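# Structural overview for review
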Amino acid sequence: MKRITFSVIYLLLAGWILFDVYYPQKHDLREFDPKGVALLDAAMWRSYYEKKPLKLFWQSAELLRQQVKAPFWRSFRLSYHAAKAAFVFKDGKNRRDYDRALPDLEAFYGGINTLSDRSFDVNKTARRELEWWIIRRYREQHPPEEWAELQAEIAAEIYHVPVEKCREYGRIRTEAMFFRDQKGDTITEADWQHVNDLLMTSWRSLAKANQ
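Here goes a summary of the coordinates provided. (Residues numbered from 1 in each chain as written. Predicted model: local features only at pLDDT ≥ 70, side-chain atom pairs only at ≥ 80, totals over all residues. Heavy atoms only, no water.)

## A few points about the layout of surface pockets
- In this structure, the largest pocket occupies an estimated 1400 Å³ of space.
- Contributing to the lining of the largest pocket are 42 residues, with Met44, Glu129, Trp132, Trp133 and Arg173 lying nearest its centre.
- Secondary-structure elements contributing two or more residues to the lining of the largest pocket are helix H2 (34-49), helix H3 (53-67), helix H4 (72-90), helix H6 (102-115), helix H7 (122-137), helix H8 (144-159), helix H9 (163-183) and helix H10 (189-209).
- By volume, the second largest pocket is sized at about 210 Å³.
- Taken together, Ser47, Tyr48, Tyr49, Lys51, Lys52, Pro53, Leu56, Phe87 and Lys90 form the lining of the second largest pocket.
- Broken down by secondary-structure element, the contributors of at least two residues to the lining of the second largest pocket are H2, H3 and H4.
- Considering every element that reaches the lining of the second largest pocket, the biggest residue donor is H2, with three residues. (1 Å grid on protein atoms, 1.4 Å probe; cavity = no way out; pocket = protein on both sides within 12 Å on 5 of 7 lines; lining within 4 Å. Points joined across faces, edges and corners; volume = space filled by probe spheres on them. Helix = DSSP H or I, 4+ residues; strand = E, 2+ residues; numbered from the N terminus.)

Put into structure tokens, the structure is as follows:
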């Protein structure tokens, strides 16, 4: 009897996972709660810099469920691709190394694209994402204004709005990055609150751009 019960539970769980991961779902990505997304985004930044990978992975999946309405199990698959891309890039030393992160970025954005009721250019978006990672690493040659422009272009592509409407989002988000980078290991609780406030303003700006 116990074996039968276990088999039934296993089949139900397997069925749920397969349905969750593969059943087509479409949403308007422009409809998200900027406050909830900003809070999770800020929490992820802190987990990353405090070197808490498991917490970061869970937060990333939760962010995907809130921001793009990814189903439960699918959110973890997408989060895996994002995390793998980040770690491949982190270990890179040159552009050939960095390009090895591209397949996972394409898988990540491809997964988001399947959830969108308006498709976007996955390859272009993934390449822009990788490019701003690269130029941020070479900040002596690429000022923060270039980071901001790429982030605005990514948002404009995904949400199908003019890039002009996304530039404030990119600028403020970049301001938060630059501020955190300047603080380094001396960052305080008050500094983290400032980062949170900037991210909140940034996401609210993007939500307004989508209206």
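## Observations regarding the packing of H4 against H7
- Remark: H4 packs on H7, axes separated minimally by 12 Å, with the N-to-C direction vectors making an angle of 35°. Remark: the crossing between H4 and H7 carries right-handed chirality. Seen from H4, the contacting residues are Ala85, Ala86, Phe89 and Lys90; seen from H7, they are Leu130, Trp133, Ile134 and Arg137.
- Each residue belonging to the contact of H4 with H7 can be placed in one class, and the counts come to six nonpolar, no polar and two charged. (Axes fitted to C-alpha atoms, helices over the stretch in contact; angles between N-to-C directions. Left-handed = near helix turned anticlockwise from the far one by under 90°. Contact = heavy atoms within 4.5 Å. Nonpolar A, V, L, I, M, F, W, Y, C, P; charged D, E, K, R; others polar.)

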